[in-house]
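Here are the chains, one letter per residue:
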Amino acid sequence: IGGSAAYSSYMIGYISELIVFPSALSTIERQYLEWGQSQYYSISGPSLAAGFPTSTPSAYVTRWYDQSGNGRDASQATTANQPRILNAGVIEKQNGVPSIYFSGLTNGLFTANFSGYATAACFNGVAKVNTNVTYNTIVNKTNNNNFPCPIDFYNGSVLVGNGVSGQYNTFAASPPFNNTQPLGIWTHQANGTTVSGVNAYYNSSQIVTNQTASYYGDAAGAALYIGSRYDGVTGLNGWISEVITFGTIPSNTDRQFLEWTQGQYYNISGIALGTLPSGAANAYVTTWYDQSGNGRNLTQTTTSRQPQIINAGNIIKLGKRPSIQGTNALQTNLTVTLSTSYTGTQLSFNSVLQSDINSTANLRVVSVGNAALTSADYNSTNYFNINQRSTNQFVVERNSVINPTTTFTVGSPMVLSTRFIGTNRQLFNNGTGSATTADATSFNFNSLRILQSINPSFEAGEALTGKISEFGIYYSSLSSTRRTLLETNQAAYYNITTSNNKYTPPTSTSYVYYVNGVGRESSTDSVAGTRSTFGLGISVSNTASGFLKDNGDYITTGMNCPISSGATSSNLSGGVTQRWINDWYINKTDVGSNNGLLSLFFDFSDYGVNLTPGVASNYMLLYRTSSAGTFSTVASTTVSVSGDRVLFLVDASNISSNNYYTIGTINTTASPLPIELVDFKCNLIDNKNIELKWITASESNSQYFSVERSANGIDYEAVGYLNAAGNSLNTIHYSYTDKNALNDISYYRLKSVDFDGSYKYSDICSVVNQTGELSISVYPNPANNSVTIDFKNVDNVRSTDFSIMDVTGKQMIVSATQLNNKYTLDLSTLQSGLYFIELNISNKKVLQKIIVQK
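Everything quoted here is computed from the prediction, not taken from an experiment.

Conventions and cut-offs
Along each chain, residues carry numbers from 1 onward, in the same order as the chain's sequence is written. Under the rules for a predicted model, residues below a pLDDT of 70 receive no local features and side-chain atom pairs below 80 are neither given nor counted, while totals for whole chains, interfaces and linings still include all residues. Side-chain numbers here rest on the full set of heavy atoms in the structure, without hydrogens or water. Put simply, DSSP H or I for four residues or longer makes a helix, DSSP E for two residues or longer makes a strand, and each gets a number counted from the N terminus. Stacked, tilted and edge-to-face are the three classes applied to pairs of Phe, Tyr and Trp rings, where Trp contributes its six-membered ring and a pair requires centres within 6.5 Å; stacked means planes under 30 degrees apart, edge-to-face means over 60, and tilted covers the rest. In our convention, an over-ring charge means Lys NZ or Arg CZ found within 6 Å of a ring centre and within 35 degrees of that ring's normal. Strands qualify as paired when DSSP identifies two bridges or more between them. To obtain each axis, a line is fitted to C-alpha atoms, and for helices this fit is confined to the stretch in contact; angles are then taken between N-to-C directions over 0 to 180 degrees. Like-charged residues within 9 Å of one another, or nonpolar side chains (Val, Leu, Ile, Met, Phe, Trp, Tyr) within 5 Å, are grouped into patches, provided each residue has over 30% relative accessible area and no salt bridge. Accessibility throughout is a Shrake-Rupley quantity obtained with a 1.4 Å probe, and a residue counts as covered only by protein chains that appear here. When a carboxyl oxygen of Asp or Glu is within 4 Å of a side-chain nitrogen of Lys or Arg, the pair counts as a salt bridge. Buried means the residue's accessible area, taken with a 1.4 Å probe over protein chains only, is under 20% of the maximum for its type, while exposed means over 50%, and partly exposed covers the values in between. Any pair of N or O atoms that falls within 3.5 Å is considered a polar contact. Within protein, one atom must be able to donate a hydrogen and the other to accept it, and sequence-neighbouring residues count only if both atoms are side-chain atoms. Only heavy atoms matter for contacts: two residues are in contact if any of them lie within 4.5 Å across the pair. Here, the term disulfide refers to a pair of cysteine sulfur atoms separated by no more than 2.5 Å. One less than the number of residues in a helix, times 1.5 Å, gives the span that helix is expected to have. The directions from the helix axis to the C-beta atoms are what the arc is built from.

A. A look at unusual backbone geometry. Cis geometry marks the peptide bond from Asn-403 to Pro-404; its omega dihedral reads 10°. Structurally, the position occupied by Pro-404 is in strand 36 (residues 401-407). For Asn-95, which is not glycine, the phi dihedral falls at a positive 55°. Looking at the secondary structure, you find Asn-95 in the loop between strand 8 (93-94) and strand 9 (97-98). Here Ser-636, not a glycine, exhibits a phi torsion of approximately 60°, which is positive.

B. Quick peek at the packing of aromatic side chains. A full pass over the atoms with the stated rule returns 38 aromatic pairs. An aromatic cluster of three or more residues is present, and its members are Tyr-514, Phe-534, Trp-580, Trp-584, Phe-602, Phe-604, Tyr-607, Tyr-619 and Phe-648. In this structure, Lys-141 packs its charged tip against the face of Phe-114, placed 4.6 Å from the ring centre. Here the guanidinium or amino end of Arg-483 rests over the ring plane of Phe-428, the centre of that ring lying 3.6 Å away.

C. Quick peek at the sheet that holds strand 45 (residues 536-539). On the basis of which strands lie adjacent, the open sheet formed by four strands has the order 45-50-54-53 and antiparallel pairing. The outermost strands of the open sheet, each flanked by one partner alone, are strand 45 and strand 53 (638-642). In this sheet, neighbouring strand axes are inclined to one another by 25° on average, regardless of whether the strands run parallel or antiparallel. Here strand 45 pairs with strand 50 (residues 597-603) via four bridges, running antiparallel. Across the sheet, the residue bridging to Leu-536 is Phe-602, located in strand 50.

D. Structural detail: a nonpolar patch on the surface. A contiguous nonpolar patch, built from Ile-1, Met-11, Ile-15, Leu-18 and Val-20 and spanning about 590 Å² of accessible area, is present on the exposed surface. In this fold, Ile-15 is placed in the loop between strand 2 (9-10) and helix 1 (27-41).

E. Looking closely at the pairing of strand 34 (residues 384-389). Taken across its six residues, strand 34 has five buried, putting it largely inside the fold. Bridging between strand 33 (residues 363-369) and strand 34 involves five bridges; their strand directions are antiparallel. From the neighbouring strand, Ser-367 faces strand 34, where its bridge partner is Asn-385. Strand direction decides the pairing type here: strand 34 and strand 35 (residues 393-398), joined by six bridges, are antiparallel. Note that in strand 35 the partner of Asn-385 across the bridge is Glu-397.

F. Region of interest: the side chain of Thr-530. Assignment of secondary structure puts Thr-530 in the loop between strand 44 (525-527) and strand 45. Within polar-contact distance, the side chain of Thr-530 engages the side chain of Asn-516 at 3.3 Å. In this structure, Thr-530 is in contact with Asn-516, Gly-517, Val-518, Gly-537, Ile-538 and Phe-601, ignoring residues within four places of it in sequence.

G. Local environment of the state of the cysteines. According to the stated counting rule, one finds one disulfide in the structure shown. The side chain of Cys-682 participates in a disulfide bridge whose partner is Cys-765; the two sulfur atoms lie 2.4 Å from each other. With Cys-682 in strand 56 (residues 676-686) and Cys-765 in strand 62 (residues 765-769), this residue pair connects regions lying 83 residues apart in the sequence. The same class applies to Cys-682 and to Cys-765, which are both buried.

H. Seen up close, helix 2 (residues 252-265). The terminal C-alpha atoms of helix 2 lie 20 Å apart, and with 14 residues this matches the ideal 20 Å at 1.5 Å per residue to within 8%. Residues of helix 2 that are buried include every one of Arg-255, Leu-258, Glu-259, Gln-262 and Gly-263, and no others. Down the axis of helix 2, the buried set is contained in an arc of 135°. They therefore lie on one face. Set apart from the buried face of helix 2 by more than 90 degrees, the exposed residues are Thr-253 and Tyr-265. Positive phi appears at Asn-267, one or two residues downstream of helix 2, with a value of about 60°.

I. Here's a closer look at the pairing of strand 46 (residues 554-559). Of all six residues in strand 46, six are buried, a share of seventy percent or more. Two elements, strand 43 (residues 513-522) and strand 46, share five bridges in a ladder whose sense is antiparallel. When the bridges of strand 46 are listed, Gly-517 appears paired with Thr-556. As paired strands, strand 46 and strand 49 (residues 584-589) are joined by six bridges and run antiparallel to one another. Across the sheet, the residue bridging to Thr-557 is Ile-586, located in strand 49.

Written out as structure tokens, the structure reads:
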């Protein structure tokens with residue numbers, strides 16, 4: 001720019017702007033660009049050329065993006081069939097909210113083909129119709145090419161069909177709708193061909209009641225249409241603001257709440273929320289989702305048998321962790337039927353639970369058998385259970401054999417494991433094993449139930465009264481080492497004392513997440529390699545040179561509540577310029593004190609960093625002796641890079657128990673870690689301008705920053721862009737001024753985009769814009785343990801002039817530190833939630849929301 005090195009020619013003058021296009025502009029595009037530049041740079045001469053619209057243009061929708069996360073966007077590629085969103089420069093609106101206008105065309109927006117409503121469907125739409133004497137389709141889905149499923153209205157009637165010619169029903173709406181009705185909320189429920197399965201609502205009032213559909217269907221290969229029918233015969237003449245569909249029928253409470261929230265947002269009057277509970281509500285579990293990836297979810301559809309998760313508005317907990325509550329009197333239970341039976345000789349169960357009562361009856365923890373089990377099968381080898389007995393024991397019952405047993409304390413959390421090893425079975429109570437019992441019979445079962453017997457009808461009243469927070473089943477006999485590592489993880493997370501615990505966190509509430517490790521119980525029973533779920537892993541051999549030389553050797557790690565993946569330059573020494581924000585606490589058990597080699601590896605993608613590690617020699621293994629101390633470099637490490645991992649081979653003698661470890665770099669250009677954003681603030685300059693400032697301590701592979709703004713703290717749009725430094729080890733200050741500030745409150749965040757397309761978001765800052773009035777700038781927002789308040793248009797603010805309150809108006813007691821006209825509040829004593837900062841000075845008040853997240 002400004003010269004040609006090849007021809008040794010250079011410009012003498014000024015350049016204000018340069019734009020390069022990879023293709024030729026049309027004459028109109030070029031002239032419009034030049035005219036716009038002349039307006040900005042005050043250059044006379046260029047004028048808008050002929051060919052520009054003589055009136056304000058309209059705009060149309062090519063794609064309506066699915067917000068459910070299923071990716072079922074509705075699109076329309078044909079220009080003539082696209083609904084309108086901008087009419088002569090004015091956004092289409094209903095009740096002051098943007099809406100899409102369909103002009104009665106027969107091809108609306110439609111999704112890709114999918115199935116999802118085989119037996120039931122609920123269609124909900126916020127819409128307004130211009131006429132009631134033609135078909136008005138809001139949303140429908142068919143399995144053929146005719147007669148759509150709802151919502152399809154005609155002359156005050158609702159049409160339901162299965163997509164086959166002649167196979168449909170028409171139900172009169174009462175009262176009938178007409179074109180004088182304003183924007184409204186339509187909900188249609190079709191419960192297949194079930195008797196009284198068709199119901200429809202307009203603005204939460206029922207207009208079709210308990211009708212029966214003769215035909216209903218939805219098959220794979222059909223699209224969902226918005227604003228027209230599948231067969232293209234008719235389309236909507238009117239507006240649609242929102243469409244929601246369900247593959248099940250919501251409860252009346254769920255439907256009413258949905259319609260009420262839509263009424264609030266779209267300014268539709270007359271929709272009542274309904275009767276609210278007189279006190280804090282209870283909640284129950286219908287599905288306990290399998291976390292193994294096998295999809296074996298435990299369910300309970302009978303309301304009276306569902307375990308409880310919330311009691312009078314409070315989450316039920318085992319210790320400090322969420323739990324579900326089973327009740328004997330209600331026979332609460334959850335069950336799953338397997339797609340295929342399990343057959344084999346090896347099986348393990350593991351659970352974190354607590355019994356709340358002692359009983360003279362058997363109280364089931366878990367039962368396994370066949371789904372069609374009857375009382376005649378009680379002594380079958382394919383049926384067994386683990387249950388509580390009156391003598392404060394948990395036992396295994398199988399084929400009339402009731403042992404082994406283990407004692408417990410009522411009301412105390414415990415880790416209970418059961419292991420079948422082909423020829424015997426054994427119970428483990430908080431790591432301590434019972435005697436073994438012979439059991440040579442193989443398994444053959446297809447159903448599992450927790451908190452109750454497989455068949456409650458012949459073992460009624462035998463449900464466990466107690467809590468369960470975690471449950472696992474393994475189609476193998478967990479080795480002693482794997483069981484020890486599993487129970488060590490649970491002991492740390494649930495703060496339970498176990499006899500085989502190999503990890504002791506620095507406190508009962510910190511560094512208890514993602515506890516993992518390697519170890520050895522015998523020469524044939526070891527875990528020589530593992531991987532953490534948040535960035536750190538350990539790999540160890542059990543050879544003569546490896547760490548796992550002796551029975552009982554273990555290395556375990558845990559971390560504090562994870563911070564968003566990133567790097568920092570704080571607490572560093574010895575030439576290290578950057579490190580990962582998170583660190584890991586390590587425990588080491590070296591029975592023979594003979595150490596040996598192990599590898600600590602840091603997995604970039606597992607940590608959430610979209611970077612490829614660089615030159616290995618620049619990475620350092622760091623440690624510190626306290627969670628807030630300065631890091632030093634671990635000596636005598638051999639560093640290598642493999643894929644997206646950096647591996648440190650080190651003798652265990654250089655890894656000290658009860659220290660904190662992480663990865664650092666001495667060269668962020670050749671061996672990068674993520675960009676480090678150390679500060680982000682927003683300040684009101686005047687009623688039209690808000691200045692945003694941020695500082696980076698270092699950057700790696702960073703391309704640009706996108707400044708994003710929101711009026712509600714949820715929906716953001718880009719309002720400006722700044723180029724980033726690319727790679728830098730220096731502190732860089734950035735600033736951007738939003739010259740079109742919103743009235744009232746504005747939320748801002750930064751999107752840092754790298755050259756490879758990866759990106760991350762900053763914390764959020766917010767500012768109140770009240771013209772000529774007092775204003776407050778708060779950052780960061782959301783906040784963690786502290787927040788800074790910057791007061792505008794007022795001087796000498798005292799700590800008594802403002803207060804922080806919770807949502808009930810209760811004033812919270814926090815300490816404040818003053819610097820000029822700013823205050824930093826210590827939020828460490830506050831729980832997570834929504835709070836308000838109120839400035840009350842000179843008979844004027846300003847209220848600012850702040851979110852505390854911990």
